[in-house]
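One letter stands for each residue in the lines below.
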Amino acid sequence: MIRKEPGLKQGYLIDMDGVLYRGPELIPGADYFIQQLRARDIPFRLLTNNSQRTRRDVVAKVARLGIEVEEEHVFTSAMATARFLAQQKPEGTAFVIGEGGLLTALHQNGYAVVDHGPDYVVVGEGRTFNLELVEAAVRMILGGAKLIATNLDANCPTQNGLRPGCGAMVAMLEIATGAKAFSVGKPSPVMMRAARKELGLTTDETTIIGDTMETDILGGGQLGFHTVLVLSGGTRREDLPKYPYRPEVVVESLAELAEMMDESGWRPLRAGVKRLEKQAV
């Protein structure tokens, strides 16, 4: 294990799709970046708004791409949602539109999944969405169940192009019922703060790395995290001027960020952000 410089702490919250991989392909340099974090004992979490997969599923997915992590390194919107609900109403009930990752997280946090009279209607990604589920959810929401979204992403990238995301599904329920969903996933401070606490670090010791301005960079900036935008996903450099906020560092990919960090001895980003920014922009 590589020795860390004493007195300097850092940790990373790392988005996955568009940062580590695109579809079924590893983004070059992502495996090296994660290897270095583990070798240097730098805390990190792989952060995803996708609620379909369990922690174990995510570990298996990235392992196929050559990235070795443990379950403890993964934090999903399903986990954040289940923990939030358990704090709000311990041992509550939920009607779920979603898949295994969300169901597992709810069960692990003491929630029962029901199809009558739930405390909450919880919506996540999935391909099980159909009109029968929508009609049932509408009746439950109008009957007093509160509407919870694991995230409000409008679409999800796949190998075959975009498909409707959780936000699109939630919008249908909002319009039909007049209820406004409470979203737990990025950029919500609920998920971002919970992930930071998993690192055991302060706000200034935490850096979020993502490819999306509207979620990763917005959420990180609002909470005071250091922010790194990679251009290997959904954001282009020419898109940046339209946003009223900006990341501290912009790089082409994790490969470029790793090269910069190698040069600085992997010191905390806050210790050299001006130099990194000058190189990256």
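Being a predicted model, the structure only gives us computed values, none of them experimental.

Draft legend 1. Local environment of the packing of helix H3 (residues 77–88) against helix H4 (residues 100–108). The N-to-C vectors of H3 and H4 enclose an angle of 30 degrees; their axes lie 8 Å apart at closest approach. By the angle class used here, H3 and H4 are roughly parallel. Seen along the crossing, H3 lies across H4 with a hand that is right-handed. Facing Ala-78, Met-79, Ala-82 and Leu-85 of H3, the residues of H4 in contact are Gly-101, Leu-102, Ala-105 and Leu-106. Of the residues contributing to the contact of H3 with H4, the split by class is 7 nonpolar, 1 polar and no charged.

Draft legend 2. Fine view of the pairing of strand E13 (residues 206–210). Counting buried positions along E13 gives 5 out of 5 residues, so the element sits mostly inside the fold. Residues Thr-206, Ile-208 and Gly-210 point to one face of E13 and Thr-207 and Ile-209 to the other, with burial holding for every one of them. Bridging between strand E1 (residues 11–15) and E13 involves 4 bridges; their strand directions are parallel. Its bridge partner being in E13, Gly-11 is matched across the sheet by Thr-206. Assessed by its sense of winding, the connection that carries the chain from E13 through helix H8 (residues 213–223) to strand E14 (residues 226–230) is right-handed.

Draft legend 3. Quick look at the sheet that holds strand E9 (residues 146–149). Pairing is parallel in the open sheet, where 5 strands are placed in the order E7-E6-E8-E9-E12. The sheet is open, and its two edges are formed by strand E7 (112–113) and strand E12 (182–183), each paired on a single side. Across the sheet, H4 is in contact with strand E6 (93–97), E7 and strand E8 (120–123); its angle to E6 comes to roughly 170 degrees. Taken strand by strand, helix H5 (residues 131–142) contacts E6, E8 and E9, and its axis lies near 150 degrees from that of E6.

Draft legend 4. View of the nonpolar core. Core analysis: the biggest nonpolar cluster contains 32 residues, and Ile-14, Leu-20, Phe-33, Ile-34, Leu-37, Ile-209 and Leu-254 have the highest contact counts within it. Breaking this core down by element, the ones donating at least two residues are E1, helix H1 (30–39), strand E4 (44–48), helix H2 (55–64), E14, strand E15 (249–251) and helix H9 (254–263). The element best represented in this core is H9, accounting for 5 residues. Not counting residues within four places of it along the chain, the set of residues in contact with Leu-37 comprises Tyr-12, Ile-14, Ile-42, Phe-44 and Trp-266. Core analysis: the second largest hydrophobic core is formed by 26 residues, Phe-75, Ala-78, Val-184 and Met-192 among them.

Draft legend 5. Local environment of the side chain of Thr-54. With respect to the helices and strands, Thr-54 occurs in the loop between E4 and H2. Discounting residues that sit within four places of it in the chain, Thr-54 has contacts with Gly-100, Gly-101 and Thr-104.

So, how was this worked out
Residues numbered from 1 in each chain as written. Predicted model: local features only at pLDDT ≥ 70, side-chain atom pairs only at ≥ 80, totals over all residues. Heavy atoms only, no water. Axes fitted to C-alpha atoms, helices over the stretch in contact; angles between N-to-C directions. Helix = DSSP H or I, 4+ residues; strand = E, 2+ residues; numbered from the N terminus. Parallel < 35°, antiparallel > 145°, perpendicular 65-115°, else oblique. Left-handed = near helix turned anticlockwise from the far one by under 90°. Contact = heavy atoms within 4.5 Å. Nonpolar A, V, L, I, M, F, W, Y, C, P; charged D, E, K, R; others polar. Buried < 20%, exposed > 50% of the residue type's maximum accessible area, 1.4 Å probe, protein only. Pairing = 2+ DSSP bridges. Right-handed = clockwise from strand over helix to strand, strands pointing away. Core = buried A, V, L, I, M, F, W, Y, C linked by side-chain atoms within 4.5 Å.

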